[in-house]
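Structure assessment
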Amino acid sequence: MRAGFTFREQHSNDFEGVTVKTNDRPIRPETKEETFSLQNSDGERSFACANPYGHEFYESKIYQMEINVTANGLSDLQSKITKLSRWIMGSGILIFDDTPLVKWTARIVDTVQYMPEHGGQYAKFVVKYKVKPFAELIFSIMEGPCLDDEILLDDDIPLDIGEYFSFEGAGSHVVKNIGDVPVRPVITVTRVTKPVTISVAGTSITVPKNAEIDCENYTVRDLSGKSLMKEIQGDFFELTVGNNVMKVTASENVEIEVEYEPRYIHSVNAEDMRLD
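Report follows, based on the coordinates.

Another point: the sheet that holds strand β15 (residues 203–207). Taken together, 5 strands build an open sheet; the order of strands is β12-β19-β14-β15-β18 and the sheet is antiparallel. The sheet terminates laterally at β12 (171–177) and β18 (233–234), the two strands that pair on one side only. As judged from the 2 bridges shared by β15 and β18, these two strands associate in the antiparallel manner. In the sheet register, Thr 206 faces β18, and the bridge partner there is Gln 233.

Here it is, written out as structure tokens:
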């Protein structure tokens, strides 16, 4: 599959005489799995879901990209290879032209080798990107898409997407996970003077004051950044795919903001991001 891509904020088309091609781009990550085979039983037993969250977790994926370079001669070829070698070093955000709404956290792995051909007028080499198991949206769900994001004019994506993740007061609020897999949100609670409890799917956490609850990194801090881990009760939770009911128990009109990075197996369509 021939298509360009952006890595570390630089596009493959920025390099003169360079074309790229996808050699291997698996659509599903490998499951992290531990199995046990019973002697008097067919098959094997998987313990992939034997964890506090009750679902599978996944390994990183490897994407292989073929880079073809044409040049006017060996000296020109070496100059182009030098520029490309600087580009493919390190780690950064990877975005493919054919899936412009999602980004991958990627880094180059393995040695990259090439052999000049046709008197130094051509070379081909393969780079391997190790990417996280799932892609993320190119924009924040609180801020919505920016004017320069690669979004088609007829894509039905709400520009004020953040209003779907902001709530006031006690009660039950619906929070939709628009991704393909469970996520662990960051919840900001303000206007708190008495303890507030937030519950999702039977798991609750209670904070005594204004706080940022980071379920991904298992931390709770006040708005100045000071840890509140010794002052909280309860446990961290996930948002399953689709609608989640978030119950807020409070004696005052607190404000809640929920933020997370939607994660996708391969890409996303505009209709997948509908929130109504």
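Moving on, we get to the sheet that holds strand β11 (residues 166–168). Strand pairing in a sheet relies on backbone hydrogen bonds. The paired strands run either parallel or antiparallel. If you walk across this open sheet you meet the 5 strands as β11-β20-β13-β16-β17, and the pairing is antiparallel. What marks the edges here is a single partner per strand, and that holds for β11 and β17 (219–221). Each adjacent strand pair in this sheet contributes to an overall mean axis angle of 15°, direction not counted. Note that strand β13 (residues 186–190) and strand β20 (residues 255–259) share 5 bridges and pair antiparallel.

Attention now moves to a negative patch on the surface. Taken together, the side chains of Glu 143, Glu 212, Glu 257, Glu 259 and Glu 261 present a region of like negative charge at the surface. Mapped onto the fold, Glu 259 is located in strand β20.

Another aspect to go through is the pairing of strand β7 (residues 91–96). Bridging between strand β1 (residues 5–7) and β7 involves 3 bridges; their strand directions are antiparallel. Bridge pairing in β7 places Phe 7 opposite Leu 94. Alignment of β7 against strand β8 (residues 102–109), held across 4 bridges, turns out to be antiparallel. Pairing of Ile 93 across the sheet is with Thr 105, part of β8. Counted along the chain from β7 to the antiparallel partner β8, the turn is 5 residues long.

Right, let's talk about the pairing of β8 for a bit. In the sheet, β8 pairs with strand β10 (residues 135–137) via 2 bridges, with the strands oriented antiparallel. When the sheet's bridge partners are listed, Lys 103 is paired in β10 with Glu 136. Alignment of β8 against strand β9 (residues 122–131), held across 4 bridges, turns out to be antiparallel. Bridge assignment links Val 109 to a residue of β9, and that residue is Lys 128.

What counts and how
- Residues numbered from 1 in each chain as written.
- Predicted model: local features only at pLDDT ≥ 70, side-chain atom pairs only at ≥ 80, totals over all residues.
- Heavy atoms only, no water.
- Pairing = 2+ DSSP bridges.
- Helix = DSSP H or I, 4+ residues; strand = E, 2+ residues; numbered from the N terminus.
- Axes fitted to C-alpha atoms, helices over the stretch in contact; angles between N-to-C directions.
- Patch = residues over 30% accessible without salt bridge, like charges linked within 9 Å, V, L, I, M, F, W, Y side chains within 5 Å.
- Areas by Shrake-Rupley, 256 points an atom, 1.4 Å probe, with all protein chains shown as cover.
- Salt bridge = Lys/Arg side-chain N within 4 Å of Asp/Glu carboxyl O.
- Lys, Arg positive; Asp, Glu negative; His and termini not counted.
- Charge placed at Lys NZ, Arg CZ, Asp CG, Glu CD.

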